Amino acid sequence: MKLTNIAVKSISLALITAFTIVEIINKETTVFYIIYLFWFDEFIRTVFDRVAYRFKKENIENPIQFQQQNKERFFLLGVYFIFIVVLFGIIIDWKQMDLIGLNYSVLLFKNQIFNFSLLTIIAREIYLYQSKTDKIRPKSVASNGIIILHISIVL
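Residues numbered from 1 in each chain as written. Predicted model: local features only at pLDDT ≥ 70, side-chain atom pairs only at ≥ 80, totals over all residues. Heavy atoms only, no water.

### As for the packing of aromatic side chains
Taken as a whole and judged by the stated rule, the model has 16 aromatic pairs. Ring centres of phenylalanine 43 and phenylalanine 74 lie 6.0 Å apart, and the angle between their planes is 75 degrees; on these two criteria the pair is classed as edge-to-face. Of the two residues, phenylalanine 43 is situated in helix α2 (residues 31–55) and phenylalanine 74 in helix α3 (residues 63–91); the sequence distance between them amounts to 31 residues. Among the aromatic side chains, those forming a connected cluster through ring pairs are Phe32, Tyr33, Tyr36, Trp39, Phe40, Phe43, Phe74, Phe81, Phe109 and Phe114. Seen from the ring of phenylalanine 55, arginine 54 lies directly overhead, with NZ or CZ sitting 5.8 Å from the centre. (Phe/Tyr/Trp six-rings, centres within 6.5 Å; stacked < 30°, edge-to-face > 60°. Helix = DSSP H or I, 4+ residues; strand = E, 2+ residues; numbered from the N terminus. Lys NZ or Arg CZ within 6 Å of the ring centre and 35° of its normal.)

Below, the structure written as structure tokens:
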């Protein structure tokens, strides 16, 4: 049975949401955890777009524009990474060492539920990468994932 891309995205979202709810119930999560998870979701998508550019160039609608926009997304994600780690990982929880410890466990991949969420994202992207048969369109810096990440940071 072949799953549709929408079904795979929905299953991935449901699993990530369930993992995050478990973390909230166990009081093992922070704002950093959630925003960093959004950041990683977009980062993994961008990495898989780079892989598609390298190995499925013939399926890309406009390879030059695709590569340029992919570089722009990597740059923006780099800026966001520094901002997220410094502001949400350290400064916001400055006086609460237990929360900073939770943040560092996530940052250093020592939080198993966070790692399972990342594996879910990676599995989704592998499936989507392998199932793409139509033309791959470039994603701008203002892609859905970046917009969600930006709104999450603002809120």
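### Some remarks on the packing of α2 against α3
Across the interface, α2 lies against α3 with an axial gap of 10 Å and an inter-helix angle of 160 degrees. One way to sum up the angle between α2 and α3 is to call them roughly antiparallel. Where α2 crosses over α3, the two elements pack in a sense that is left-handed. Residues belonging to the contact of α2 with α3 are distributed by class as follows: 17 nonpolar, 4 polar and 6 charged. (Axes fitted to C-alpha atoms, helices over the stretch in contact; angles between N-to-C directions. Parallel < 35°, antiparallel > 145°, perpendicular 65-115°, else oblique. Left-handed = near helix turned anticlockwise from the far one by under 90°. Nonpolar A, V, L, I, M, F, W, Y, C, P; charged D, E, K, R; others polar.)

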